[in-house]
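Structure at a glance
Spelled out, the chains give:
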Amino acid sequence: MKRRIPRLRRTAQVLFFLLTLIVFEGSSTGSYLIQFYNGLHFMPPMAAWIAGGVTVWALVTAGLLLVSLLIGRFYCGWLCPVGFWQDIAAGEARKLKLPVRKISLALHWRLGVLIAAVIAFAAGAPLLGYIDHFSQLGMILRGVLLPALATLVRILSMGTLQYSHLVEIHFNADLATFWSLFFFALLYLLSRRYPRAWCDLLCPSGTVFIILQRFSFLEPAPQDNCPVCRVCDRQCPVLSMDKGIVDSQRCIGCLECLEFCPSKSFGLRSRYRQRVITQPLNGTTRRRMLLAGSGGMAGLLAGLGGAHWFVSADPAAADVAVPPGAGSRDDYFTRCIGCSFCVAVCPTGVLRPAGIDHETAMLFRPILDFKKSYCSYECIACAEVCPTGAIDLHPLADKKRIRVGSAKLDKEICIPFKNKKDCGACAEVCPTQSVHMIPQGAQMIPELKPELCIGCGHCEMVCPTQPRKSIWVEPLRLHEKADSPLPKNPGKMVIPEDNKLPF
Amino acid sequence: MERREFIQRGIAAGTLLMMPVGLTPFAFGAEAPLAGPPDLVGLVGGTPQQMLEKGLAAIGGMGRFVKKDQTVLVKPNIGWNKKPEEGANTNPELVGAVIKEVLKAGAKQVYVFDNTCNHWQHCYQNSGIEAAVTAAGGTMIPGNDQSKYRRMDVKGATTLKTVDVHELFLDSDVVINLPVLKHHGGARMTCALKNMMGVIWDRHFWHRTDLQQCIGEFSVVRKPDLCIADANTVMVRNGPRGVSVADLELRKMQIISTDPVAVDAAGAKILGREASDIPYIGIASKLGMGIDDLSTLKVERITF
């Protein structure tokens, strides 16, 4: 017998994964594809809504939620790349005939986690990013999958593919890379024994879709002719059946039961037209839901104070620059969910996920690292992809005046001061000429105009002094607006009147 | 034959073959200042393409420098993520026109690259140079691959004793230096000699050690066969990057010569300076790489 549904579902999962790869690769940055893609998830858009940024793309998310109300966990079963990964592991185990088991966390606990995470996020602790699958997905893409693809493409194209962002992506042996490798390896092993272990335990997006599925219009259910052969109990990829009764907390809406049932008893049936027999939630009552929810909230609010104290107490806290558009360091670290999308598309590679070299609240959150690179004057890529609005999108002309830090100069070690030699590496690259060269005797020396500095870090990156840079950016906690470097009157090219060769 | 051996022999053979070409300008300069093509052609008033056409004809045609089936490196300044009208990079139309001339002279392959200051993809695309080169039939090569840079000894150098140089600069049969004349805060001016900083890897060392001395000394690694300096829109302040078009002057000029030192001496005058104001010009001149005193050269001036 031909099985069409599993193949169809696999195709949908592969296509969605490819779409994910395409948008993270960065060449489509700035197109509507990005907003559309970001809208196709739940947690990142919700994080943006909490932060107050509802755009027309919320309609995509609303559409996704409506689909969930119609046929249940469509996102989990047919789109989610992390779910896909678990399905691959579970399929492998099935082929090897390894024993599989159920694992679950009662819905009220899951709901408690979700509410706690959302409240924490709204109150300013970036917990959401650590437990939502989208952040893990972004991190493995940025850290492992895209570099691997890029390496492959570099080898196969032999230098012919020059202008794609992809050829510029390289492996970075940082903590975020290792973490995502560890996370997905662990998830693979877990899913071989417990299909969809992540979905069944923690995933906060999953919790939302489970709740919607409880009220979904259609649900797979057997007819009265079910002989209780229990084939479905074994065949269901996520073990959601017990004697043909669907556990709607576990069902991912894959619809494979419609095909594999020997007596063709399963169909998509309206929950509201006829009585659909579903399993009761294991022990979840309204009271327990409320209790777990409020318990989660209370515990979290207590933790929040501590987290805030931790963020502000660290004396090294000021030493981190965050992307233009973040507004302030505190806003940024409370809104960012650490998905690494911006890191993946940053053309200069100045963004990197913070490791343990920074405070805990910043872990895996992208920061500007001027040691290796600089923030491009003509670029707003990070803001264009940020799904949560942690990096707010400003028009390029506005972004060019956002000051994320201020350059400082140490004349004791600066080459023209110390060695009496020309250098000017910093002034050469300064896009606003905030650092510019002026004559001092026979020497050209750098001079700072702090009102023009935007803290792009290019001067720090190119400064040749060792071991310490003689010019560097001191990050600002609260971003400022720099003066415009453009001439007051509309600048025009000078056309000399008597233009003759001077030699 | 091992790859390394092959490459070594290739370089040796290439260097031997190149010697006569490299020596040609000296021969012209020293022996016959009044006969044959001029040492330097200065042009003013035309479009970059018009000036290139007349200037090349005056200096003996592209055929004097490029022979059939040779590989040619054209090295413009593509250092900045700036649009053509912002004047921070070599005029893309001029780059395209030079490549067409090179191909017309029978070149087998024309390469263009720069080790850029801004991100290379942005520079190549927004400067318009990538499009112009591809349209003209040349090949753009990324300059960010460190494995393509080869360590060279610099003869007679006191500061820049070794330097990592891009293989295209070392191995191409012909090198055409195609700078844009600009004010430069650090080096004081950028034109022919300074443009060569785009074929080396570690610019930090130059800045840290002695920028002027390094620029001057690098000129001995290989003298370009021809220099064509773009002085159409000249950045007169805030160089080399520029802040706005108000930093530009429309001078509509071009300097063509086999002598990078003479080109820079002429460029300095266009900026209202003298060769003696720019230390690296004197350093390269003392190393015998060209003549910085324009009065001793045969200069042809063409006005449109």
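Above this text you will find the structure in question.
Quick look at the structure, then. (Residues numbered from 1 in each chain as written. Chains lettered and ligands numbered in written order. Predicted model: local features only at pLDDT ≥ 70, side-chain atom pairs only at ≥ 80, totals over all residues. Heavy atoms only, no water.)

Counting residues at the interface gives 53 residues for chain B, matched by 51 residues for chain A. Counting each side, the surface lost to burial between chain B and chain A is near 4,200 Å², with a carbon and sulfur contribution of 56%. Looking at the side of chain B facing chain A, the largest losses of area belong to H207, R208 and R241 of chain B, adding up to 15% of the total buried there. Between the two partners, chain B and chain A, sit three salt bridges. Between E428 of chain A and K194 of chain B there is a salt bridge, with its nearest N and O atoms 3.9 Å apart. Across the chain B-chain A interface, the total number found is 19 residue pairs in polar contact (both at pLDDT 80 or more). Secondary-structure elements contributing two or more residues to the side of chain B that touches chain A are β1 (40–44), α4 (120–126), α8 (203–209), α9 (211–218), β11 (248–257), α10 (260–270) and β12 (299–303) of chain B. (Contact = heavy atoms within 4.5 Å. Buried area = accessible area lost by both parts, 1.4 Å probe. Salt bridge = Lys/Arg side-chain N within 4 Å of Asp/Glu carboxyl O. Polar contact = N/O pair within 3.5 Å; in protein donor to acceptor, adjacent residues only side chain to side chain. Helix = DSSP H or I, 4+ residues; strand = E, 2+ residues; numbered from the N terminus.)

Following Q466 of chain A, the chain continues to P467 of chain A via a peptide bond in cis, the omega torsion being -5°. Looking at where P467 of chain A falls in the secondary structure, it is placed in the loop between α22 (458–462) and β10 (471–481). Residue P240 of chain B is reached from G239 of chain B by a cis peptide bond, and omega for that bond is 10°. Structurally, P240 of chain B is set in the loop between β10 (226–235) and β11. In this structure, R196 of chain A is a non-glycine residue whose phi angle is positive, near 55°. Among the secondary structure elements, R196 of chain A is positioned in the loop between α10 (175–193) and α11 (197–201). Even without being a glycine, L255 of chain A presents a positive backbone phi close to 65°. Looking at the secondary structure, you find L255 of chain A in the loop between β3 (245–246) and α14 (257–260). You can call L255 of chain A buried: its relative accessible area is 15%. (Buried < 20%, exposed > 50% of the residue type's maximum accessible area, 1.4 Å probe, protein only.)

On to the packing of aromatic side chains, then. Across all of its chains, the model carries 20 aromatic pairs over all chains by this definition. Between Y32 of chain A and W57 of chain A the ring centres are 5.7 Å apart and the planes differ by 35°, which places this aromatic pair in the tilted class. With Y32 of chain A in helix α2 (residues 32–39) and W57 of chain A in the loop between α3 (43–50) and α4 (58–71), this pair connects stretches of sequence that are 25 residues apart. Judged by relative accessible area, Y32 of chain A falls into the exposed class, the value being 63%. Taking relative accessible area as the criterion, W57 of chain A reaches 24% and is therefore assigned partly exposed. Between F183 of chain A and F184 of chain A the ring centres are 5.1 Å apart and the planes differ by 75°, which places this aromatic pair in the edge-to-face class. Take F183 of chain A and F184 of chain A: they sit in the same class, and that class is buried. Across the ring face of F304 of chain B, the terminal group of K54 of chain B is positioned such that the distance to the ring centre comes to 5.2 Å. (Phe/Tyr/Trp six-rings, centres within 6.5 Å; stacked < 30°, edge-to-face > 60°. Lys NZ or Arg CZ within 6 Å of the ring centre and 35° of its normal.)

As enumerated under the stated definition, the model contains 29 salt bridges over all chains in all. When the shortest N-O distance is used, the salt bridge between D422 of chain A and R188 of chain B registers 2.5 Å. Note that D422 of chain A is positioned in the loop between α20 (415–418) and α21 (425–429) and R188 of chain B in strand β9 (residues 188–190), a pairing that runs across two chains. Pair check on accessibility: D422 of chain A and R188 of chain B agree, each one buried. K68 of chain B is paired through a salt bridge with D69 of chain B; the nearest N and O atoms lie 3.9 Å apart. Each of the salt bridges in this network shares a partner with another, and the network as a whole consists of R9, D87, R196 and E256 of chain A.

Note that all results are geometric; they support no functional claim without further evidence.
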